There are 2 protein chains.
Amino acid sequence: MTLPETATVLPEPLQDLLFRQARTAHAFTDEPVTDEEVRLIHDLVRHGPTAFNSQPLRIVLVRSAAARARLLPHLSSGNRAKTAAAPLVAVLAADTEFPRRLPELFPHEPRAAEWFGDQTAREQQARLNSAMQAGYFLIAVRAAGLAAGPMSGFDPAGVDAEFFPDGRLRSFLLVNIGRPGPNAWRERLPRLAYDEAVSEV
Amino acid sequence: MTLPETATVLPEPLQDLLFRQARTAHAFTDEPVTDEEVRLIHDLVRHGPTAFNSQPLRIVLVRSAAARARLLPHLSSGNRAKTAAAPLVAVLAADTEFPRRLPELFPHEPRAAEWFGDQTAREQQARLNSAMQAGYFLIAVRAAGLAAGPMSGFDPAGVDAEFFPDGRLRSFLLVNIGRPGPNAWRERLPRLAYDEAVSEV
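A brief report on the enclosed structure follows. (Residues numbered from 1 in each chain as written. Chains lettered and ligands numbered in written order. Predicted model: local features only at pLDDT ≥ 70, side-chain atom pairs only at ≥ 80, totals over all residues. Heavy atoms only, no water.)

Another aspect to go through is the nonpolar core. By size, the foremost hydrophobic cluster in this structure holds 80 residues, and its most contacted members are Leu92 and Phe137 of chain A together with Leu92 and Phe137 of chain B. Setting aside anything within four residues of it in sequence, one finds Leu92 of chain A in contact with Leu57, Arg58, Ile59, Ala134, Phe137, Arg170, Ser171, Phe172, Leu173 and Val175 of chain A. (Core = buried A, V, L, I, M, F, W, Y, C linked by side-chain atoms within 4.5 Å. Buried < 20%, exposed > 50% of the residue type's maximum accessible area, 1.4 Å probe, protein only. Contact = heavy atoms within 4.5 Å.)

Before going further, it helps to spend a moment on helix α4 (residues 77-85) of chain B. Residues and elements named next belong to chain B. Along α4, the residues that are buried comprise Asn79, Lys82 and Thr83. An end-on view of α4 places all buried positions within 100 degrees of arc, on one side of the element. Exposed residues pointing more than 90 degrees away from the buried face of α4 are listed as Ser77, Ala81 and Ala85. Considering only its buried residues, α4 is in contact with α3 (65-71), β2 (88-95), β3 (147-151) and β4 (169-178). (Helix = DSSP H or I, 4+ residues; strand = E, 2+ residues; numbered from the N terminus. Arc of directions from axis to C-beta.)

With 88 residues of chain B in contact, the opposing surface of chain A contributes 88 residues. The partner of Glu196 of chain A in a salt bridge is Arg101 of chain B, and the shortest N-O contact between them spans 2.6 Å. If one sorts the elements of the side of chain B that touches chain A by residue count, helix α6 (residues 119-143) of chain B sits on top with twelve residues. A class-by-class count of the residues in the side of chain B that touches chain A yields 52 nonpolar, 17 polar and 19 charged. Where strand β1 (residues 57-62) of chain A lies against strand β5 (residues 198-200) of chain B, three bridges are found, and the strand directions are parallel. Bridging across to β5 of chain B, Val60 of chain A finds its partner in Ser199 of chain B. (Salt bridge = Lys/Arg side-chain N within 4 Å of Asp/Glu carboxyl O. Nonpolar A, V, L, I, M, F, W, Y, C, P; charged D, E, K, R; others polar. Pairing = 2+ DSSP bridges.)

The next subject is the relation of the copies chain B and chain A. Relative to chain A, chain B is turned by 180 degrees and slid 0.0 Å along the rotation axis, the superposed coordinates differing by an RMSD of 0.0 Å. Taken together, the turn and the small shift mark the pair as related by a two-fold rotation axis. Comparing interface residues between copies, 100% of those in chain B also sit at the interface in chain A, which points to an isologous, same-surface contact. (Least-squares fit on C-alpha atoms with pLDDT ≥ 70 in both.)

Written as structure tokens, this is what we have:
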């Protein structure tokens, strides 16, 4: 097996690209997001770790005008115009039936799927791991040279009823994706200092 | 305001460093994780986006032998030996009282804290956003040139009772951190193909 190279620190300008200078975009150019870019994002995301290798994140790309029209009514009013104009919108959702894939994804524990018979525990695991994957997703959008506009201002039950009528998927984040347009950025909001977020016992 | 540089695509070897070649480590060298490394990880994580800029992730570093002895009984048996031997263990937890900080973190909406009066909704937001930050955290550990060993095999209620007796924080992930030692890696498990995780409407 090829060993990962772990001695390398990500160079500071690329730390800035992914984290410090990267910003939530609120306006985009008309330039489309290509299939190659979406495939790169997915290829990065899928390699991120999840518990039991469960990979519960499902990504639904909303690109056509018809699909956009189904999505927009479920957004908070302040999110509609920018989402209507973004080149691409991704609905991030958790697959609550992820255990069905575990025999294949976690093959050394053939009974892993049985650990999640309780629906509450299953949904909590799906939400935790798909949200971690959403973190990977936003970093991956930036790694692909694009800007992301994540939004939680929408009605998840409405989106689920419209797009996921079988009840298996739970939407939890919308992400506008594209290249930043005029007035894309708002002022950077304050961040917690080290001692406010980190402690040692 | 300085605009982020979004035309840059992360070079492929660094995509590999953070995602494709990076792996969950199960054994570490004795070399300590330095304060500077932990501060770099935090500085990257804190710049990642969260809803309402809420930043609910709290990171508790477990380094001393005494603190380690309080943690280990709450781990699943298969996680104890490697966690006892790791140079550093981080307990990732969600601050369910994150709205208390919103007047300062989300100042343009002075009433934002009032949106989270319902405890269920508040805890769900805390868990979603802290899990996204956990995604940033694991990528940031790798960006700092270190290896991460995330684990969900522990008893969160037991950890919370031991470390967070006031009931405000909810632990959801443990992460061993260090430099990979002998036999650090297991075989890469299968990942979902593009069409299994991504669809277009």
